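Here is how the chains run, residue by residue.
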Amino acid sequence: MHARSPLKLAILAAATVAISLTAGCGGRGGKPRDTAFVARDVDTLYRAAKDRLDRGDTRVAAALFDEVERQHPYSPWARRAQLMSSFSYYVAKDYNKSTQAAQRFLEIHPGNRDAPYAYYLIALCYYEQISDVSRDQKNTLLALNALNEVVRRYPGTRYASDARLKIDLVNDHLAGKEMEIGRFYERSGRWLAASLRFRTVVDQYQTTSHTPEALFRIVETNLAMGIPEEAQKAAAVLGSNYPGSEWYQKAFDLMQKHAAGTQVS
């Protein structure tokens, strides 16, 4: 659903380079063979995986990084390979395997200096799977939880800075889902159910772009239920916070037409 932003790609690329550079430079010269699943020394195998990644053959790269861990589980390279595998799967859009690799890394190395990167990758995997508001929002909620975890654990990092931006987008998406359901209820004449959905947007997602419309819909539904005082309250909040918006003008016209002179007690 989401295009990969230059900022996100830059963060991932920089972190991946850092992980690669710490992998060591010793080993044999010459071009490594790319035959997977053949027993090889760890240096050659890791370099073969990195070469595949550099050439954009991400699925083969991920499989080769997995081989590093499988063939040399007690080597320092195995730890690095886990994250490189997760990154390779992410670029290949195999988000489930990317998440699994990052989670395995965190289970084994929870205090590693690259742990923030692993948490960030997990959050991105869920974020990339956010679906249209007409569909189930399970991955949206998982993305929100994972992004909040990055901010909570590593507030001063570049990963947290990017996560905060994405949290705003995710909240806007969730608010959009509430609006869609509310509009459906309103079209069906289920005024109370609709009003509760719009109220959720105002109460839980008040900083999103959907708040002005939600307030207007509250005016509409309360007038439909014969509660002009509540409609007036919502119209007043709308006028106070979004005086120049089209939604305030609509609410003002609606109140003038159906509840002129209503006083809020």
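The structure presented is a predicted model; accordingly, all values stated were derived computationally and were not measured.

A. Region of the structure containing the environment of Gly189. Counting through the fold element by element, Gly189 comes out in the loop between α8 (158–187) and α9 (191–204). With 36 residues separating them along the chain, Gly189 and Met225 place their C-alpha atoms 9.8 Å apart.

B. A look at the pattern of salt bridges. By the definition in use, this model includes 17 salt bridges. A salt bridge links Arg217 to Glu220; its shortest N-O distance comes to 3.0 Å. Of the two residues, Arg217 and Glu220 both sit in helix α10 (residues 211–224), 3 residues apart, roughly one turn of that helix. Classification of Arg217 by relative accessible area gives buried; the value is 16%. Residue Glu220 is classed as partly exposed on the basis of its relative accessible area, which comes to 22%. Each member of the salt-bridge network shares a partner with another, and the members are Arg183, Glu213, Arg217 and Glu220.

C. Quick peek at the packing of helix α6 (residues 115–128) against α8. Where α6 meets α8, the axes come as close as 11 Å, and the angle between the chain directions of the two elements is 20°. When the axes of α6 and α8 are compared, the pair comes out roughly parallel. Crossing handedness for the pair α6 and α8: left-handed. Packed against α6, whose contacting residues are Pro116, Tyr117, Tyr120, Leu124 and Tyr127, the element α8 presents Tyr159, Asp162, Lys166, Leu169 and Val170 at the interface.

Cut-offs and rules
Residues numbered from 1 in each chain as written. Predicted model: local features only at pLDDT ≥ 70, side-chain atom pairs only at ≥ 80, totals over all residues. Heavy atoms only, no water. Helix = DSSP H or I, 4+ residues; strand = E, 2+ residues; numbered from the N terminus. Salt bridge = Lys/Arg side-chain N within 4 Å of Asp/Glu carboxyl O. Buried < 20%, exposed > 50% of the residue type's maximum accessible area, 1.4 Å probe, protein only. Axes fitted to C-alpha atoms, helices over the stretch in contact; angles between N-to-C directions. Parallel < 35°, antiparallel > 145°, perpendicular 65-115°, else oblique. Left-handed = near helix turned anticlockwise from the far one by under 90°. Contact = heavy atoms within 4.5 Å.

Purely geometric stuff here, so don't read any function into it on its own.
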